[in-house]
Amino acid sequence: MTTTDTAAPVSQPFQAEVAELLNLMVHSVYSETDIFLRELISNASDACDKLRYEAIANPQLIPDGQSPNITIIPDKAANTLSIIDTGIGMDRQELIDNLGTIAKSGTKSFLSRLTEAKDGSNLIGQFGVGFYAAFMVAEKIVVTSHRAGTHDAFTWTSTGGAGFEIGQVSDGMSVPTGTSIVLHLKDDAKKYLDTYEIERIVSAYSDNIQFPIMLKDGDAVPRQINSASALWQRSKSELTPEDYSAAYKSIAHAYDEPAMTLHYRAEGRYSYAVLLFAPSQKPFDLFEPNRKGHVKLYVRRVFITDDADLLPSYLRFIRGVIDAEDLPLNLSREMLQNNPQLAQIRKAVATRVIGELESLSEKDAETFAKIWDAFGPVIKEGIYEDFERREKLLALSRFTTTSGEKRSLKDYVADLKPNQTEIYYLAGDSLDRLKSNPKLEAAKSRGIEVLLLTDAVDAFWSSAPLDFDGKPLKSLSQGEVNLDLIPRIDEDATKDEPKTETDEAATIAVIKEALGERVSDVKVSTRLTTSASCLVAGGAGPDRELERMLAMQNRGSITKPILEINLRHPLVAKIAGADKAAGGEASDIAFLLLEQAQILDGELPEDPAAFASRLNRLVLRGL
Ligand SMILES: Nc1ncnc2c1ncn2[C@@H]1O[C@H](COP(=O)(O)OP(=O)(O)OP(=O)(O)O)[C@@H](O)[C@H]1O
């Protein structure tokens, strides 16, 4: 390739995060340096995919007779390893943007984890860091690229320090379209010049790349070193678990093992092949706000887009390929959204994925638990969004409850207590706090199981009116909860409960008077057995946890709660005989009932200083 520059190259600094990442790569003791080749080959393959796609509308982008390929050239004399593709190429700005910045916010957060981790280098292997991995083996990298459809070619050169240089090739048209990446290898990376090593890595990691990978060793005729077949088009019986694992890693650019594999061919009105995987590890972009999926759409083995939203957002963790036979190759954006065949495929595949998760949960609970731990909070978004599949998603869901972990609603319903007709839950932000929340008392005293919901998404889906197996889901911190029909199992405890004859109406009136506008109502609680008070939301409004979360995101205000009191509690009983003047003992107790309930819900009293002095006053009086 001609790399003479017409003008002096221009230096550009790396974005701060890139510089930080490179620093880590260069100094990392990470031993799995092989991954660099895999990263460069997958980028080359993506570039070939993109060119083939653009050429559907614009066939002259691919010269006659040329089929996309990737060539690897080790040059022992020059101590360089080149990876050359005939893909889409990059223009000047794309070189700067793609190889000088980190666009994905997920990568940034990965980076901070890398920096924080004691042995961050292990994480490199888990996530892959794309192109920049090449700096583990190269002291200098020269990229020469010619964007298809343009006349110019540019070079990008870096030694991995603070920045890179951009130059222009004098005769751009002498450079074939595509990208060549020349790695000037570090002394300890010379093994990558051995053809044996290259073949080993390609067959381990990149055999599934759909384009031929050619190895050109000196003057020998280049030979193909991968099988270059679309694995999803092969029949299941030909494939081993290792084939699937390799395909997953190569299609998803992943480093973990797939926890679930779904491979089938749909025939009938529409024909298409499906190869989908559920990862076993949480990818770092799972909670990007765009909630984009990662399933690639192919049409007759030609990559079309990875942006077709082939699965609902709550299945965005699923990776893989759907290859349709009967769609036109030149699918426009509108067609992607409105094509009835794609709509049909979307629906059928989502149902299949959920079905597969269902059968995995029955056949292999341990593997399903892995998927649930990593992606449960995402799947639960579907309970809220996918009305049609709500029941199925609820059935898939696993919960930590007062009876144990990983409980399904089916388990819950099987253990219902006599006369129990509802499924109870309590939402909050910490499991420990929920476990000690007084709102559980009445349920506990009857041995009733309660779902403890601590994922941020729980407050949302549980706000929809839901039932499972005909049993409505009911929050213990909202509206009326009456468990009186369900027998108590702690009869001994009830014997010890003080039988105080508190005047209900008078006590409530005193508390109301003291708290004024702070609460919407004061009621006698059926939820409490031992604690003095708790706060609940009115029956019609949202659950308190949801309100609190929405308020934190400035999406609504908190309505006034209802204070529920336990008439049997000695503190409540004290009100009757206490000084009822404004600011007197009765008022102090009323405030204390409110404020301790707030604290138990994980909130702070509105005026912590006043809270402290009231508490001190009461304690001193007692002493
Ligand atoms: N050979 C290439 N041809 C064309 N573009 C390339 C090539 N290599 C890299 N790029 C561009 O540079 C971008 C950054 O590459 P990089 O490998 O760092 O991340 P990525 O491929 O986007 O992500 P990941 O590898 O983690 O999935 C790519 O998205 C692509 O746009």
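Residues numbered from 1 in each chain as written. Predicted model: local features only at pLDDT ≥ 70, side-chain atom pairs only at ≥ 80, totals over all residues.

The name given to the protein in an unreviewed UniProt entry is Chaperone protein HtpG, and the organism recorded there is Tardiphaga robiniae. As its UniProt record puts it under Function (unreviewed entry), the protein is described as follows: "Molecular chaperone. Has ATPase activity." Database annotation for the protein, UniProt heading Subcellular location (unreviewed entry): "Cytoplasm". (UniProt positions renumbered as here; feature names shortened; annotations may be inferred.)

For the protein, the helix and strand inventory stands at 22 helices and 23 strands. What you see for the protein is a C-alpha radius of gyration of 32 Å, clearly larger than the 25 Å of a compact globule of 623 residues, by over 25%. Taken over 623 residues, the protein has a buried fraction of 40%. Long-range contacts, defined as pairs at least 24 residues apart, comprise 72% of the intrachain contacts of the protein with a sequence gap of at least 6. (Helix = DSSP H or I, 4+ residues; strand = E, 2+ residues; numbered from the N terminus. Rg over C-alpha atoms; globule rule 2.2 N^0.38 Å. Buried ≥ 20, exposed ≤ 12 C-beta atoms within 10 Å, placed from the backbone. Contact = placed C-beta atoms within 7 Å.)

On to the site of the ligand. By nearness alone, 15 residues border the ligand, and Asn43, Ala47, Asn98, Gly130 and Phe131 come closest of all. Examining the composition of the shell around the ligand, we find that 4 residues originate from one element, helix H2 (residues 35-57), more than from any other. (Near = placed C-beta within 6 Å.)

As a further point, take the sheet that holds strand E22 (residues 533-536). Across the sheet, which stays open at both edges, the 3 strands sit in the order E21-E23-E22 with mixed pairing between neighbours. Strands at the two margins of the open sheet, each flanked by one partner only, are strand E21 (521-524) and E22. The sheet shows a mean angle of 25 degrees between the axes of neighbouring strands, taken without regard to direction. Two strands pair when backbone bridges link them, and E21 and strand E23 (residues 562-565) are joined in this way by 4 bridges, in the parallel orientation. Across the sheet, valine 522 pairs through a bridge with leucine 563, a residue of E23. With respect to the sheet, helix H18 (residues 504-515) is in contact with E21 and E23, its orientation differing from that of E21 by roughly 155 degrees. Most of the contacts of helix H21 (residues 585-600) go to E22, to which it runs at about 65 degrees, and overall it touches E22 and E23. (Pairing = 2+ DSSP bridges. Axes fitted to C-alpha atoms, helices over the stretch in contact; angles between N-to-C directions.)

For the rest of this paragraph, the subject is helix H1 (residues 16-26). Along H1, the residues classified as buried are Val18, Leu21, Leu22, Leu24 and Met25. An end-on view of H1 places all buried positions within 160 degrees of arc, on one side of the element. (Arc of directions from axis to C-beta.)

A word on the domain arrangement of the protein. Partitioning the protein into structural domains gives domain 1 (10-224), domain 2 (231-368), domain 3 (398-491) and domain 4 (496-620). Look at where the C-alpha atoms of domain 3 and domain 4 centre, and you get two points 23 Å apart. Breaking the side of domain 3 that touches domain 4 down by element, the ones donating at least two residues are helix H15 (441-444) and helix H16 (458-461). Across the side of domain 3 that touches domain 4, the residue classes tally to 9 nonpolar, 11 polar and 6 charged. (Domains from an automatic or database assignment. Nonpolar A, V, L, I, M, F, W, Y, C, P; charged D, E, K, R; others polar.)

Below, the discussion takes up helix H9 (residues 340-363). Helix length check: H9 (24 residues) gives 34 Å between terminal C-alpha atoms against 34 Å at 1.5 Å per residue, within 8%. Check the buried side of H9 and you find it contacts strand E10 (258-266), strand E11 (272-279), strand E14 (319-324), helix H8 (333-338), helix H10 (365-379) and helix H12 (390-396). (Expected span 1.5 Å × (residues − 1).)

Sheet topology note: the strand E1 (residues 10-13)/strand E6 (residues 163-168) ladder contains 4 bridges and is antiparallel. Across the sheet, proline 13 pairs through a bridge with glycine 163, a residue of E6. Here strand E5 (residues 153-158) pairs with E6 via 4 bridges, running antiparallel. Along E6, the bridge assignment pairs threonine 155 with glycine 167. Once E5 ends, the chain turns through 4 residues before running back antiparallel as E6, passing glycine 160 with a positive phi of about 80 degrees.

Moving on to the packing of H21 against helix H22 (residues 608-622). Contact geometry for H21 and H22: axes closest at 10 Å, N-to-C directions at 125 degrees. The orientation of H21 with respect to H22, classified from their angle, is oblique. Where H21 crosses over H22, the handedness of that crossing is left-handed. Of the residues in H22, those in contact with Glu585, Asp588, Phe591, Leu592 and Glu595 of H21 are Phe611, Arg614, Leu615, Arg617, Leu618 and Arg621. (Parallel < 35°, antiparallel > 145°, perpendicular 65-115°, else oblique. Left-handed = near helix turned anticlockwise from the far one by under 90°.)

Moving on, we get to the pairing of strand E3 (residues 80-85). For a regular strand, side chains alternate in direction, first toward one face of the sheet and then toward the other. Here strand E2 (residues 70-75) pairs with E3 via 6 bridges, running antiparallel. In the strand pairing of E3, isoleucine 73 is matched with serine 82. Relative to strand E7 (residues 178-185), E3 runs antiparallel, the two being bridged by 6 bridges. Of the residues in E7, the one forming a bridge with leucine 81 is leucine 183.

All right, on to the packing of H18 against H21 then. Relative to each other, H18 and H21 sit at 80 degrees, their axes nearing to 9 Å. Put simply, H18 runs roughly perpendicular to H21. Where H18 abuts H21, its residues Val510, Ile511, Ala514 and Leu515 lie against Ala586, Ser587, Ala590, Phe591, Leu593 and Leu594. Here the contact of H18 with H21 is built from residues that sort into 9 nonpolar, 1 polar and no charged.

Right, let's talk about the sheet that holds strand E4 (residues 138-146) for a bit. One open sheet accounts for 9 strands, arranged E1-E6-E5-E4-E7-E3-E2-E8-E9; its pairing is mixed. Two strands in the sheet have a free side with no partner beyond their single neighbour: E1 and strand E9 (223-224). H2 contacts E2, E3, E7 and strand E8 (213-215) of the sheet and is inclined by roughly 20 degrees relative to E3. The sheet contacts of helix H6 (residues 195-205) involve E2 and E8, and relative to E8 the element is tilted by about 170 degrees.

Even without being a glycine, arginine 300 presents a positive backbone phi close to 45 degrees. With respect to the helices and strands, the residue arginine 300 is situated in the loop between strand E12 (294-299) and strand E13 (302-305). Within the chain, arginine 301 stands out as a residue other than glycine whose phi angle is a positive 70 degrees. With respect to the helices and strands, arginine 301 occurs in the loop between E12 and E13.

Let us look at the environment of leucine 618. On the secondary structure map, leucine 618 appears in helix H22. Judged by local crowding, leucine 618 falls into the partly exposed class, with 18 C-beta atoms found within 10 Å. Distance from leucine 618 to aspartate 588, taken between C-alpha atoms, is 7.4 Å for residues 30 residues apart in sequence. Apart from the residues lying within four places of it in its own chain, the contact partners of leucine 618 are Asp588 and Leu592.

Here the focus is the confidence of the model for the protein. Mean pLDDT for the protein: 88, with 92% of residues reaching 70 or above. Confidence estimates for the predicted assembly give a pTM of 0.78 and an ipTM of 0.97. (pLDDT = per-residue confidence, 0-100.)

Before going further, it helps to spend a moment on the environment of alanine 162. Among the secondary structure elements, alanine 162 is positioned in the loop between E5 and E6. Judged by C-beta crowding, with 15 C-beta atoms within 10 Å, alanine 162 ranks as partly exposed. Contact partners of alanine 162, with chain neighbours within four places excluded, come to Pro13, Phe14 and Ala19.

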